[in-house]
Amino acid sequence: MDHFLYRDGSLWAEDVSVAEIAAQVGTPFYLYSTATLTRHFRLFDEALDWGPHLVCYAMKAASNQAILKTLAAEGAGMDVVSGGEYARALAAGVPGDKIVFSGVGKTHDEIRAALTGGIRQFNVESEPEMRVISEVATSLGVIAPITVRVNPDVDAKTHAKIATGKSENKFGIPIARAKEVYAEAARLPGLKIVGIDVHIGSQLTQLEPFQQAYQKVADLTEALRADGHDITRLDLGGGLGIPYTRSNEAPPLPTEYGAMVRDTLAHLGCEIEIEPGRLIAGNAGILVSKVIYVKNGEGRDFLILDGAMNDLIRPAMYEAHHDIVPVVEPAPGVEQQPYDIVGPVCETGDTFAKERMMPPMQAGDLIAFRSAGAYGAVMASEYNTRPLIPEVLVKEDQFSVIRARPTYEEMINRDNVPVWL
Ligand SMILES: *Cc1c(COP(=O)(O)O)cnc(C)c1O
């Protein structure tokens, strides 16, 4: 459920009219709802309230500080995957002891920054990385809390580009080798083992792959404890999917997920961490864009928007579907027609949808891409020297531009022309 609903014949975000924001901010822009963000966070938090837990928002999904602060105020920790995200989380006021550091290739500098600024744990992805973390910690005279990310070799049954839990993926260490890796971790002077980490992919629409992975983590917990390791924390990753189409079968709810986690892992008495990103931010954001032209092609009509693939890459990159709705509510019974909905970038990949049924549209009409809050703004680029589009946050009847659109001048002045030119 989200807070983008038609009211009095047009789309509103909570208690603000989307068209009103568009008039003030200009299109295209991302628009987030505070009530939806907090609702989704609380669903997870409550789903795990049968035991000690921390919901660490995977901030790569949408990392504006206003979003981080909104969630941190609810008690969220953060899952970061780069030094930049770590710095951003600190800047948003998240304490280091609520930040977990994931990611396949943490550099010396990133590790040092996190150990200096405070960190809840590193989720170690490989043996070489584990050795470097120990070295850096030793050189700073501190002990780094770690989990090892195990790759459970389960099929997440999701898009190939976002499946991470099969042995052929680059993530984690094979679960079959976990015992030796933990033995080495225990010998390294700069590390303290605190638990186990697993993350099998994104946009999962079934519980079964999670359950398979978590059962393997449960077995591994017992095996590692038998070897004398102190396993007190299980980081279960993120990945629960969202409904991108209203017509589709809905993915499992956080409550169902939480109950499955309890049934599979509660008996171990560990603190549970989860790292949801998409399910917190995805349906909490829309992308608002304007129709520039309606072009009647041969056998098909195109809606050419002012938004493009550089603003929202998901359709081009993952063949992702986004529901696209007119901001003015269609009159009941209005006859729909198929449109190819495209951006102005010179690439055939700059196509958001083909033969999408929409009410008749005209130049100047506003449309909204639903479910664009996660992996939208954060994956945007300035391709074609198109400015990164603004982000706007609504809270009840207020809204605020939480990232402004840069001017052309600001963009161009970032180039540095060498003295010889
Ligand atoms: C991407 C990622 C997440 C978040 O995945 P969602 O599908 O957005 O919930 C969590 N943990 C790790 C390690 C990730 O790489």
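Everything numeric in this text was worked out from a predicted model, so none of it was measured.

Caption draft 1: Structural context of the overall build of the protein chain. Looking only at helices and strands, the protein chain has 12 helices and 21 strands in total. In summary, the protein chain has a C-alpha radius of gyration of 23 Å against a globular reference of 22 Å for 421 residues, a match within 12%. Counting across all 421 residues of the protein chain, residues that qualify as buried make up 54%. Roughly 18,000 Å² of accessible area belongs to the protein chain as shown, and the carbon and sulfur atoms make up 51% of that amount. Of note, the protein chain has its 38 positive side-chain charges centred 3 Å away from the centre of its 56 negative side-chain charges.

Caption draft 2: A look at the pattern of salt bridges. Enumeration over the complete set of coordinates arrives at 20 salt bridges. Here Glu273 and Arg120 are joined by a salt bridge, their closest N and O atoms 2.6 Å apart. Residue Glu273 is located in strand E13 (residues 271-274), and its partner Arg120 is located in the loop between helix H5 (108-117) and strand E8 (121-124); the two are separated by 153 residues in the primary sequence. A single burial state applies to Glu273 and to Arg120, both of which are buried. Salt-bridge contacts for Asp340 lead to Arg300; the nearest nitrogen and oxygen are separated by 2.6 Å.

Caption draft 3: A look at the layout of surface pockets. The volume enclosed by the largest pocket comes to roughly 570 Å³. Around the largest pocket, the lining is made up of 26 residues, and of these Lys60, Thr164, Phe171, His199 and Tyr375 lie nearest the centre. In terms of residue class, the lining of the largest pocket is built from 9 nonpolar, 9 polar and 8 charged. In this structure, the second largest pocket encloses a volume near 410 Å³. Contributing to the lining of the second largest pocket are 22 residues, with Met1, His40, Ile242, Pro243 and Asn283 lying nearest its centre. Of all elements in the fold, only helix H2 (34-47) and helix H9 (254-265) reach the threshold of two or more residues within the lining of the second largest pocket. Examining the composition of the lining of the second largest pocket, we find that 3 residues originate from one element, H2, more than from any other. Its residues assigned to classes, the lining of the second largest pocket comprises 11 nonpolar, 6 polar and 5 charged. Counting contributing residues, the lining of the second largest pocket receives three or more from each of domain 1 (4-31 + 283-412) and domain 2 (34-281).

Caption draft 4: Representation of the site of the ligand in the model. Lys60, Ser202, Glu275, Arg278 and Tyr375 are the nearest of the 15 residues found near the ligand. A distance of 3.4 Å is found between a nitrogen atom of the ligand and a side-chain nitrogen or oxygen belonging to Asp79. A distance of 2.3 Å separates an oxygen atom of the ligand from a polar side-chain atom of Ser202. Alone, the ligand offers 390 Å² of accessible surface; in the complex the protein occludes 93% of this. When each cavity is represented as a set of grid points, the ligand is found to reside in the largest pocket.

Caption draft 5: Unusual backbone geometry, seen in detail. Between Thr27 and the following residue, Pro28, the backbone shows a cis peptide bond with an omega angle of -10 degrees. A positive phi angle is found at Glu14, which is not glycine, with a value near 50 degrees. Considering the arrangement of structural elements, one finds Glu14 in the loop between strand E2 (10-13) and strand E3 (16-17). Judged by its relative accessible area of 9%, Glu14 is buried. Even without being glycine, Glu319 reaches a positive phi, approximately 50 degrees. The residue Glu319 is located in the loop between helix H11 (314-318) and strand E16 (324-326) in this model. For Glu319, a relative accessible area of 61% corresponds to the exposed category.

Caption draft 6: Spotlight on the domain arrangement of the protein chain. Looking at the protein chain, the domain boundaries give domain 1 (4-31 + 283-412) and domain 2 (34-281). Here domain 1 and domain 2 have C-alpha centroids that lie 32 Å from each other. For the pair domain 1 and domain 2, the summed buried area comes to about 2,100 Å², and 53% of that belongs to carbon and sulfur atoms. Viewed at the interface, domain 2 and domain 1 are joined by 0 salt bridges. Seen at the junction of domain 1 and domain 2, the total is 10 residue pairs in polar contact (both at pLDDT 80 or more). Secondary-structure elements contributing two or more residues to the side of domain 1 that touches domain 2 are H11, strand E20 (391-395) and strand E21 (398-403). No other element matches the 4 residues that E20 contributes to the side of domain 1 that touches domain 2. Class assignment of the residues belonging to the side of domain 1 that touches domain 2 gives a composition of 9 nonpolar, 7 polar and 8 charged.

Definitions and limits used
Residues numbered from 1 in each chain as written. Predicted model: local features only at pLDDT ≥ 70, side-chain atom pairs only at ≥ 80, totals over all residues. Heavy atoms only, no water. Helix = DSSP H or I, 4+ residues; strand = E, 2+ residues; numbered from the N terminus. Rg over C-alpha atoms; globule rule 2.2 N^0.38 Å. Buried < 20%, exposed > 50% of the residue type's maximum accessible area, 1.4 Å probe, protein only. Areas by Shrake-Rupley, 256 points an atom, 1.4 Å probe, with all protein chains shown as cover. Lys, Arg positive; Asp, Glu negative; His and termini not counted. Charge placed at Lys NZ, Arg CZ, Asp CG, Glu CD. Salt bridge = Lys/Arg side-chain N within 4 Å of Asp/Glu carboxyl O. 1 Å grid on protein atoms, 1.4 Å probe; cavity = no way out; pocket = protein on both sides within 12 Å on 5 of 7 lines; lining within 4 Å. Points joined across faces, edges and corners; volume = space filled by probe spheres on them. Nonpolar A, V, L, I, M, F, W, Y, C, P; charged D, E, K, R; others polar. Domains from an automatic or database assignment. Near = heavy atom within 4 Å. Polar contact = N/O pair within 3.5 Å; in protein donor to acceptor, adjacent residues only side chain to side chain. Sits in = over half its atoms within 2 Å of the grid points. Buried area = accessible area lost by both parts, 1.4 Å probe.

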